[in-house]
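Below are the chains, spelled out letter by letter.
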Amino acid sequence: MNGLLLLTIALAYFAAGYVFYGGYLTRLFGIDDRRSTPSETRNDGVDYVPTSRSVLFGHHFSSIAGAGPIVGPIAAAYFGWLPALLWILLGCVFVGAVHDFASLFLSVRHGGRSIGYVIERLMGYAGRQMFLVFCWISLILVVAIFGLMVAGTFVKTPAVATASLIFILLAPVFGYISRNLLTLRTSSWIFVPLVFLTVWVSDFIPADLVSFYSGEGMDAALAQKAALWSWMGVLGVYVMFASVISVKWLLQPRDYLSSYLLYAMIFGGIAGICFYAPELKFPAYIGYNVPIGNGQPTDMIPALFILIACGACSGFHSLVASGTTSKQIRRESHIRTIGYGGMIVEGILGVMSLISVAYLSEADFAEIAANPVNAFASGIGVFLSKLGISGTLATNFISLAISAFMLTTLDTATRLTRFVWQEIFTPSYETQERMQNEGIPQKKHPLVTFITNPWFASAFVVGLAGFLASTGSANSIWPIFGASNQLLAALTLLGVSMYLMTKKLNFWITLIPTMLMLFMSIWGLLDIVNAFMSKNLTLVGAAILLILMAVMLVVLSVIMLRRNLRQLYGREDRGNAEV
């Protein structure tokens, strides 16, 4: 099989999915540009800010992607590239993109509120609280895993650390100038080249902490560990500040600039594959039970559905969609481009990730696949060498692009975790609306006021994520992150299914994926409990808690759904009888 042919087929398939299935969802949900969006009706200049489609797409994609569509497919390639490819193709168009579109739509239609608000409307206050706690635990896992991955990339490729720091400093300057002094287009012509220049400059001034600590007399292993946790500390301080300040100062401008890294990486990767036209030497299928990245023999099912989250389906996307994106979307028609289209681009990146390692032999793959980010950067770097681009420069650029995505995911996840934490301590939305209508001021206990303070909430998140990261490596935390992520997707799709049922619309498009993701994710969590029972009690405890909350939410949703359907159809039957 040739990688160019595989990519061509995938691109045609994804384009058809966006046009036809995305168009069907637009009609089914009743997208209407005549309706005002929350960014217009609740514009506060901090979280609710009307944003152009191109800028918001950059933020949304950078937030949802991270390293997920790269790490997942490469981790799943141990079973062969064909099973991973099939799940990316089918999952992306019919599960993941539907999930992202629907969660963004529901949040926009509910005033830019979180998916927790929608859950409360469908499952009641108890359901909302369980769902929010579930989300909060899942987001702690996201912050922990991506913190480890970013810090690991900085240690492995010090030039990327330098470029990332310069990039962070450029973003607020660009944001200020583009808002107050120059137009967005003119500012882009100045700052986008500067972003790419940082890749070249950083190669001459790498932030190599390993060499620094080695110079202080530490042995190699201790220097590596010291460098990793030094970067974890720097990242912790950064995300704490980035998650609290206004989105217009850092989040929006940085994500807009990083979107150009994204486009360059994807189009450069596609061009490299086109010119290199790699033959896929890696087997299409190896076996059902094979040793994967952690060296443990693993069954393909449910591992395939757990390892590949971003690129096929990811529950984290619903939190991004309802947490930040829905508050910035300017027109309802943008939901299809940003929600459905963003997931489609993830699918394309997932296929590229597979090709970047599938051209290797089994022996070469075994050597490099332990670090999927570096494997991807190295593979695309080899392909780009056909265009006359230095392999080292190309690898550094790809690593910077991935690092930029992971940083965005990291601080977006921290901001979302803060939102969720604060939401847990609020009364039911029905109570809030009643108090607002009656002019009754909402009073908080001093302790609640303190622990929901944005700075405390963010610091608490960073501290817990740091503790969780200290209990294991990225490879050990990734499976529980993947399983909890997919379980979150299942619960979100369950809420969407309930919404469609009450509206008497086609609910099968979300209910079937709900059952698939629910079954696979709980199976995956049970496997994690079995595998880590005597090795990591923290991960085992988290897995058991997630399973229990998911089961309770499913039972509650069934009870509420039966009640809602009886009320809906009972009322209709009584009306027909009266006629």
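Owing to the predicted nature of the structure, the values given are computational and were not obtained by experimental measurement.

Draft legend 1. How the structure looks around the pattern of salt bridges. All chains considered together, the criterion is met by 6 salt bridges. Ionic pairing is found between E40 and R331, a salt bridge with its closest N-O pair at 2.8 Å. With E40 in helix α2 (residues 38-41) and R331 in the loop between α13 (316-323) and α14 (334-358), this residue pair connects regions lying 291 residues apart in the sequence. Overall, the relative accessible area of 34% leaves R331 in the partly exposed class. A salt bridge links R254 to D411, with the shortest nitrogen-to-oxygen separation between them at 2.5 Å. Of this pair, R254 sits in helix α11 (residues 251-276) while D411 is found in helix α17 (residues 391-424), placing the two residues 157 residues apart along the sequence. Salt bridges here are not isolated pairs; linked through shared partners, they connect R35, R109 and E332.

Draft legend 2. Broad picture of the packing of helix α7 (residues 158-180) against helix α8 (residues 184-202). As a packed pair, α7 and α8 sit with axes 9 Å apart at the nearest point and diverge in direction by 165°. Here α7 lies roughly antiparallel to α8, going by the angle between them. Here α7 runs over α8; the crossing is right-handed. Within the contact between the two elements, α7 uses A159, T162, A163, I166, F167, L170, V173, F174, I177 and S178 and α8 uses L184, S187, S188, F191, L194, V195, T198 and S202. Residue composition of the contact of α7 with α8, grouped by class: 12 nonpolar, 6 polar and no charged.

Draft legend 3. Region of the structure containing the packing of aromatic side chains. A complete count under the given rule lists 32 aromatic pairs for this structure. Residues W200 and F204 carry aromatic rings whose centres are separated by 5.0 Å and whose planes lie at 75° to one another, so their mutual orientation is edge-to-face. A relative accessible area of 58% means that F204 is categorised as exposed. By the ring-pair criterion, three or more aromatic residues cluster together here, those being W136, W421, F425, F450, F456 and F460. Over the face of the ring belonging to Y18 we find R336, whose NZ or CZ atom lies 4.8 Å from the ring centre.

Draft legend 4. Fine view of the nonpolar core. One finds F14 and F29 to be the most contacted residues of the largest nonpolar core, which totals 205 residues. At 26 residues, helix α6 (residues 115-156) tops the list of elements feeding residues into this core. When sequence neighbours within four positions are dropped, the list of residues in contact with F29 reads F101, A102, F105, R109, V496, Y499 and L500.

Draft legend 5. Here's a closer look at the side chain of S497. Following the sequence through the fold, S497 ends up in helix α21 (residues 474-502). If near-sequence neighbours (up to four positions away) are discounted, S497 is found in contact with F507, T510, L511 and T514.

Draft legend 6. Local environment of the environment of I205. Assignment of secondary structure puts I205 in the loop between α8 and α9 (209-215). Distance from I205 to P454, taken between C-alpha atoms, is 35 Å for residues 249 residues apart in sequence.

Draft legend 7. Structural context of the environment of C92. Its location among the elements puts C92 in helix α5 (residues 81-109). Distance in space between the C-alpha atoms of C92 and C310 is 8.8 Å, their sequence separation being 218 residues. Beyond its immediate sequence surroundings of up to four residues, C92 is in contact with F14, W87, A97, G311, A312, M343, I344 and G347.

Draft legend 8. Seen up close, the side chain of S103. Along the chain, S103 falls in helix α5. Accessibility expressed as a relative area gives 0% for S103, which makes it buried. Within the local environment of S103, its side chain forms a polar contact with the backbone oxygen of D100, the two atoms lying 3.2 Å apart. Other than its neighbours up to four places away in sequence, S103 contacts I115, S318, A321 and T492.

Draft legend 9. Broad picture of the confidence of the model for the protein chain. Of the residues in the protein chain, 96% reach a pLDDT of 70 or more, and the chain-wide mean stands at 85. Of all the helices and strands in the protein chain, helix α23 (residues 537-578) carries the lowest mean pLDDT, 70, while helix α1 (residues 3-29) carries the highest, 96. Counting interchain partners and residues more than four positions distant, the pLDDT-below-50 stretch residues 574-579 has 0 contacts.

Draft legend 10. Structural view of α13. Within α13, 8 of the 8 residues are buried, which leaves it mostly tucked inside the rest of the structure. Buried residues of α13: F316, H317, S318, L319, V320, A321, S322 and G323, and no others.

Draft legend 11. Structural view of the environment of L407. When you line up the elements, L407 lands in helix α17. When the C-alpha atoms of L407 and T198 are compared, they prove to be 16 Å apart, with 209 residues separating the residues in sequence. Apart from residues no more than four positions distant in its own chain, L407 is found in contact with V150, S164, I168, L235, Y238 and R254.

Draft legend 12. Geometry of the state of the cysteines. Overall, the coordinates contain 0 disulfides when judged by the stated rule. The structure places no disulfide on C135, whose sulfur is separated from the nearest cysteine sulfur, that of C313, by 14 Å. Overall, C135 belongs to the buried group, its relative accessible area being 1%. Lacking any disulfide linkage, C313 is separated from the closest cysteine sulfur, that of C310, by 9.4 Å.

Draft legend 13. Just the packing of α13 against α17, in detail. Direction vectors running N to C along α13 and α17 enclose 70°, while the axes themselves pass 10 Å from each other. Classified by the angle their axes make, α13 and α17 are roughly perpendicular. Where α13 approaches α17, its residues F316, L319, V320 and G323 are matched on the opposing element by T409, T412, A413, L416 and F419. When its residues are assigned to classes, the contact of α13 with α17 shows 6 nonpolar, 3 polar and no charged.

Procedures and definitions
- Residues numbered from 1 in each chain as written.
- Predicted model: local features only at pLDDT ≥ 70, side-chain atom pairs only at ≥ 80, totals over all residues.
- Heavy atoms only, no water.
- Salt bridge = Lys/Arg side-chain N within 4 Å of Asp/Glu carboxyl O.
- Helix = DSSP H or I, 4+ residues; strand = E, 2+ residues; numbered from the N terminus.
- Buried < 20%, exposed > 50% of the residue type's maximum accessible area, 1.4 Å probe, protein only.
- Axes fitted to C-alpha atoms, helices over the stretch in contact; angles between N-to-C directions.
- Parallel < 35°, antiparallel > 145°, perpendicular 65-115°, else oblique.
- Left-handed = near helix turned anticlockwise from the far one by under 90°.
- Contact = heavy atoms within 4.5 Å.
- Nonpolar A, V, L, I, M, F, W, Y, C, P; charged D, E, K, R; others polar.
- Phe/Tyr/Trp six-rings, centres within 6.5 Å; stacked < 30°, edge-to-face > 60°.
- Lys NZ or Arg CZ within 6 Å of the ring centre and 35° of its normal.
- Core = buried A, V, L, I, M, F, W, Y, C linked by side-chain atoms within 4.5 Å.
- Polar contact = N/O pair within 3.5 Å; in protein donor to acceptor, adjacent residues only side chain to side chain.
- pLDDT = per-residue confidence, 0-100.
- Disulfide = S-S within 2.5 Å.

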